[in-house]
Amino acid sequence: MKPHLHVACAIIEQDGAVLTAQRSATMSLPLKWEFPGGKIEAGETAEECLIRELREELGVSVFIGSALSPATHSYQDFTVTLYPFTCSLTGGTVTMHEHHALKWVEPQQMPELDWAAADLPVISEYLIITAENASI
């Protein structure tokens, strides 16, 4: 039976753009784009995981906003469930510690990137929410 990972991820919003991260060439799913975050450890909530991971990976602190729907995807070697949250920066300077690249993109530009498959349903839901909020 292949491993099932539980991962919290952040849709960090700032000035109408979203922070995206490109995985390094040495990571699984090399050079795919993703939302920053990481594996939820035993006894840790998804929110606690995000606070820890974003401090470690990017050197920032965040305000955690709304949760989106969890998304599960099965890759050949493992299954992952993403727990996405919209976030905003509250401190620190975005610094790349693990990723190959970081990029701020407008929501409508997100589909142009080569995303990890698990992130695709998160992007779809986020774009629907963004479009609904824009029409209010």
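Relevant structure appears above.
Residues numbered from 1 in each chain as written. Predicted model: local features only at pLDDT ≥ 70, side-chain atom pairs only at ≥ 80, totals over all residues. Heavy atoms only, no water.

### Re the overall build of the chain
Our working definition: Secondary structure follows DSSP: runs of H or I at least 4 residues long count as helices, runs of E at least 2 residues long count as strands, and numbering of each begins at the N terminus. Only C-alpha atoms enter the radius of gyration, while the globule expectation follows 2.2 Å times N to the 0.38, with N the number of residues. Accessibility here uses a 1.4 Å probe with only protein chains present; expressed as a share of the type maximum, an area under 20% marks a residue as buried, one over 50% as exposed, and anything in between as partly exposed. It only takes one pair of heavy atoms within 4.5 Å for two residues to be counted as in contact.
Regarding its fold elements, the chain presents 2 helices and 8 strands. The helix and strand sequence of the chain, counted from the amino end, reads β-β-β-β-α-β-β-β-β-α. Taking 14 Å as the expected radius of gyration for a compact globule of 136 residues, we find that the chain reaches 14 Å, a close match to that expectation. Dimensions of the chain, computed from C-alpha atoms along their principal axes, come out at roughly 45 × 30 × 30 Å. In the chain, buried positions account for 42% of the 136 residues. Sequence-distant contacts in the chain: of pairs separated by 6 or more residues, those separated by 24 or more amount to 69%.

### Points about the environment of Leu31
With respect to the helices and strands, Leu31 occurs in the loop between strand S2 (17-22) and strand S3 (33-34). Along the sequence, Leu31 and Gly43 sit 12 residues apart, while their C-alpha atoms lie 30 Å from each other. Every residue in contact with Leu31, bar those within four places of it in the chain, is listed here: Gln22, Arg23, Ser24, Ala25, His100 and Asp114.

### Digging into the side chain of Glu53
Secondary-structure assignment places Glu53 in helix H1 (residues 46-58). For Glu53, the contacting residues outside a window of four places in its chain are Gly37, Gly38, Lys39 and Leu58.

### Focus on the packing of aromatic side chains
Short version of the rule: Ring pairs are drawn from Phe, Tyr and Trp, using the six-membered ring of Trp, whenever the two centres fall within 6.5 Å, and their geometry is named by plane angle: stacked under 30 degrees, edge-to-face over 60, tilted for the rest.
In the structure shown here, the tally under the stated rule is 2 aromatic pairs. For the ring pair Phe35 and Trp115, a centre distance of 4.8 Å and an interplane angle of 40° mean the geometry is tilted. In this pair, Phe35 is assigned in the loop between S3 and strand S4 (37-39) and Trp115 in the loop between strand S8 (101-105) and helix H2 (120-134), connecting sequence segments 80 residues apart. Each member of the pair, Phe35 as well as Trp115, carries the same accessibility label: buried. For the ring pair Tyr75 and Phe78, a centre distance of 4.9 Å and an interplane angle of 35° mean the geometry is tilted.

### Brief notes about unusual backbone geometry
A positive phi is found at Leu29, a non-glycine position, where the angle reads about 55°. Its relative accessible area of 25% is what places Leu29 among the partly exposed residues. With a phi close to 65°, Leu31 is a non-glycine residue in the positive phi region.

### Overview of the state of the cysteines
Definition in use: Any pair of cysteine sulfurs within 2.5 Å is marked as a disulfide.
Scanning all chains against the criterion turns up 0 disulfides. Counting only cysteine sulfurs, Cys87 is the nearest neighbor of Cys9, a cysteine outside any disulfide, at a range of 8.9 Å. On the accessibility criterion, Cys9 (2% relative accessible area) is buried. Look at Cys87 and you get buried, because its relative accessible area is 3%.

### A short note on the nonpolar core
The line we're drawing: To define a nonpolar core, start from buried Ala, Val, Leu, Ile, Met, Phe, Trp, Tyr and Cys residues and group those joined through side-chain atoms within 4.5 Å.
In terms of nonpolar packing, the biggest core is built from 22 residues, with Ile11, Phe35, Val80, Leu82, Met110, Trp115 and Val122 touching the most fellow members. Discounting chain neighbours no more than four positions away, the residues touching Ile11 are Val18, Phe35, Leu68, Pro84, Phe85, Thr86, Cys87, Val122 and Tyr126. In this structure, Ala8, Ala10, Cys49 and Ile64 belong to the second largest nonpolar core, which totals 14 residues.

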